[in-house]
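Each chain, written out:
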Amino acid sequence: MTVPRFWREQPQRYRLLGAECNNCGGIYFPPRTVCPECRRESIGKMVQRQLSGRGTVLAHTVVHQPADGFELQVPYVMAIVELEEGCRVMAQVVDVVPGSVGTGLPVEMTFRRIREDGRNGVIYYGYKFRPMRHTTLDKRVANSIASPKPSSTPPRSPAGSRPRRS
Amino acid sequence: MKGGQSRVGIVSYGAYVPRLRIKAEEIARVWGHDAHMGDALNIQQKSVPSPDEDVATMSVEAARIAVERAGIAARRIGAIFVGSESHPYAVKPTGTIVAEALGAGPFVQMADFEFACKAGTAAVQACMGLAVSKLVDLGLAIGADTSQGAPGDALEYSASAGAAAIVVGREPSEFCAEINYTTSYTTDTPDFWRREGQKYPSHGERFTGTPAFFKHVAAAGERVFSEMGTTPEDYDYAVFHQPNGKFPKMVGKKLGFRDEQVALGLLAPRIGNTYSAAVLLGLANVLDAAKPGDRIFVAGYGSGAGSDAFDLTVSPGIAKIRGRGVPTVEDFVRSDEFLDDATYAKYRGKIQVPSGGAT
Ligand SMILES: [Zn+2]
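Computed from a predicted structure; not experimentally measured.

Cut-off values and rules
- Residue indices follow the written sequence of each chain, beginning from 1 at its first position.
- As a convention, the first chain written is A and the first ligand written is 1, with the rest following in written order.
- Note on the predicted model: pLDDT of at least 70 is required for a residue's local features to be given, and 80 or more for side-chain atom pairs to be given and counted; whole-chain, interface and lining totals, by contrast, use all residues.
- As a convention, hydrogens and water are excluded, and side-chain values are obtained from all of the structure's heavy atoms.
- Working definition: rings of Phe, Tyr and Trp (its six-membered ring) pair if their centres are within 6.5 Å, and the pair is stacked with planes under 30 degrees apart, edge-to-face with planes over 60 apart, and tilted otherwise.
- Helical segments are the DSSP runs of H or I of at least four residues, strand segments are the runs of E of at least two, and each set is numbered from the N terminus.
- Partly exposed describes any residue whose relative accessible area lies between the buried limit of under 20% and the exposed limit of over 50%, with all areas from a 1.4 Å probe on protein chains only and scaled to the type maximum.
- A pair of strands counts as paired when DSSP detects no fewer than two bridges linking them.
- A 1.4 Å probe that fits into a set of points on a 1 Å grid over the protein atoms alone but cannot get out defines a cavity; an open set with protein on both sides within 12 Å along at least five of seven lines defines a pocket, and lining residues are those with an atom within 4 Å of a point.
- Grid points are joined across faces, edges and corners, and a volume is the space filled by probe spheres set on the points.
- Side-chain classes follow a simple rule in which Ala, Val, Leu, Ile, Met, Phe, Trp, Tyr, Cys and Pro form the nonpolar group, Asp, Glu, Lys and Arg form the charged group, and the remainder, Gly included, forms the polar group.
- For our purposes a nonpolar core is just a set of buried Ala, Val, Leu, Ile, Met, Phe, Trp, Tyr and Cys residues, chained together by side-chain atoms within 4.5 Å.
- It only takes one pair of heavy atoms within 4.5 Å for two residues to be counted as in contact.
- Confidence scores here are pLDDT values: one per residue, from the predictor, ranging 0 to 100.

S.K.: What am I meant to see in the packing of aromatic side chains here?
M.R.: Centre-to-centre distance and the angle between the planes together describe a pair of aromatic rings. Residue and element names in this part refer to chain B. Per the counting criterion, the structure on display carries 20 aromatic pairs over all chains. Residues Tyr-235 and Phe-257 carry aromatic rings whose centres are separated by 6.2 Å and whose planes lie at 65° to one another, so their mutual orientation is edge-to-face. Separated by 22 residues along the polypeptide, Tyr-235 in the loop between helix 6 (210-228) and strand 11 (237-240) and Phe-257 in the loop between helix 7 (247-255) and helix 8 (259-263) bring together distant segments of the chain. Phe-257 matches Tyr-235 in its accessibility class, with the two residues each being buried. Ring geometry for Phe-240 and Phe-257: centres 6.0 Å apart, planes at 70°, overall edge-to-face. With Phe-240 in strand 11 and Phe-257 in the loop between helix 7 and helix 8, this residue pair connects regions lying 17 residues apart in the sequence. With a relative accessible area of 4%, Phe-257 lands in the buried category. Through a chain of ring-to-ring contacts, three or more aromatic side chains come together here, namely Phe-225, Tyr-235, Phe-240, Phe-257 and Phe-297.

S.K.: What should I look at first to understand the environment of Arg75(B) in this one?
M.R.: Residues and elements named next belong to chain B. For Arg-75, the position within the fold is in the loop between helix 3 (55-69) and strand 4 (77-83). Residue Arg-75 is classed as exposed on the basis of its relative accessible area of 73%. Between the alpha carbons of Arg-75 and Pro-106 there is a distance of 8.8 Å; along the sequence they are 31 residues apart.

S.K.: Sorry if this is basic, but what is going on with the sheet that holds strand 3 (residues 46-50) of chain A here?
M.R.: Across a sheet, paired strands are connected by hydrogen bonds in the backbone, their directions being either parallel or antiparallel. Residues and elements named next belong to chain A. Ordered by their spatial adjacency, 3 strands build an open sheet running 2-1-3, and the pairing between neighbours is antiparallel. The open sheet has two edge strands with one neighbour each: strand 2 (27-28) and strand 3. In this structure, strand 1 (residues 17-21) lies alongside strand 2, joined through 2 bridges in antiparallel fashion. Across the sheet, Glu-20 pairs through a bridge with Ile-27, a residue of strand 2.

S.K.: Quick question: what am I supposed to make of empty space enclosed by the protein here?
M.R.: To locate leftover empty space, one rolls a probe as large as a water molecule over the atoms. All names here are of chain B. Per the counting criterion, the structure on display carries 2 cavities of 30 Å³ or more. Each pocket or cavity is described by its volume, and for the largest cavity that value is around 60 Å³. Listing elements by their share of the lining of the largest cavity, those giving two or more residues are helix 5 (119-132), helix 10 (278-287) and strand 13 (306-314). Residues of the lining of the largest cavity, tallied by class, amount to 9 nonpolar, 1 polar and no charged.

S.K.: Please clarify how the nonpolar core should be interpreted in this entry.
M.R.: The tendency in soluble globular proteins is for nonpolar side chains to be buried side by side. Residues and elements named next belong to chain B. Counting residues in hydrophobic clusters, the biggest one holds 86 residues, and the most contacted among them are Val-98, Val-124, Leu-140, Leu-287 and Ile-296. When residues in this core are grouped by element, the largest group, 9 residues, is from helix 3. Beyond its immediate chain neighbours, meaning those up to four positions away, Ile-296 contacts Tyr-235, Tyr-237, Val-239, Leu-283, Val-286, Leu-287, Phe-310, Asp-311, Leu-312 and Val-314. Core analysis: the second largest hydrophobic core is formed by 21 residues, Ala-212, Ala-220, Val-251 and Phe-257 among them.

S.K.: Is there a simple way to think about the confidence of the model for chain A in this case?
M.R.: Close inspection of predicted coordinates is inappropriate for parts of the model with low pLDDT. All names here are of chain A. A residue-level look at chain A finds 80% of positions with pLDDT of 70 or above and a mean pLDDT of 82. Mean pLDDT across the elements of chain A ranges from a minimum in helix 3 (residues 134-146), with 41, to a maximum in strand 5 (residues 76-83), with 97. Counting interchain partners and residues more than four positions distant, the pLDDT-below-50 stretch residues 135-166 has 61 contacts.

Below you can see the structure in the form of structure tokens.
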């Protein structure tokens, strides 16, 4: 990853800025300039969409052989998180004992160091996820049990819910 | 604000403390110190940042909470000052990262502040001036640190990590606490320093304590009393910089405060010395519990040396920003995730690893 490319992607990496198609309502992360469903009809109708950063773990794995720069963090958890808006992101889950992560765990975005270009290079920051905080956890878990989302696919966002690599 | 018609106050606040802790007895065990070192400092445990946390990440977390607590539109923020002695870059402002993460700017005044442990309160004062003079709508002041002592140094028991964010504005209906007055007492005192490029700080033993912390905090505090015509009894709470769990009570006593006034703002026994964040985290903990009309005395301290003191009155607006599902200071202070010393050393970069070491 080059510094200029990372810089261009800062709004999405720093604060989960996605895109919404005003033609069909599909929500996308990472943001897209053209809706994959509406294609030509979405041109000029794609707008920025700030995602809430809240979601649930859909699938996860515990990593013991770290990627470069993650040596200090093993074992760590990588997960596919389904956001409230229906789109899915792959990200690390932190502040958690690896064995306690399971499907359905409510999580929220946190801002962390992702890696650095050596001791003299630039530091890359971005989103990771952590378990939803205590204060809000009870209320939000209660809500999700009381009114479960219709499915992993929100009604107006069929395409946005496809797993996507971040 | 004393001396003029303009009013200025805290519109919102946010706190962040990493979840990991290390106990004082674990540090003592490894260095072969007396197991009661922690008791002598009144520090039972301290917070430790994860390898992927630094002043920028903690500042963002605290600032997001402040913005969420009062439902502030990021574009209203016209100034961002991050005070720290452990900025991740020597050259590249931490505030730029905070602004981008909040979606604030690009029309925003910015600089990183440095004044040992009082850079955060200095940032609050700068925001007050800009807000009162209408140069900005809201100012965001942050105090954050991930400080370190040399291995085996007494600072190892206290130097910890945390961040606090304070949003300052001039619209009284938005205040959660009005700032009635602020003053600073500053001298050239070599009690503690770190030279450029050095990883760990040095301290001038002879100056720590009496001619430094106690003299400066007391002088700033006495000036607040004389300018405002108050006595310690007029305040419901007193919050001090807390390099350990003992100094705040001692300086409080020297100024005439009772331990009960100091207790709520004293977090060092449970999280250590969060440096630039310490006094603001103490204030945030008081704001989490205070009632409208409560009066708060605040005095920060930074080595080198100076003390910034404040006189605040809690506003009716405090009720509007409570109970919105935003984490309180206690939500962060309460943690039972303890590290052993080897993991601590690894996390804090005290052991050489090929790459990816913490700063
Ligand atoms: Zn579409």
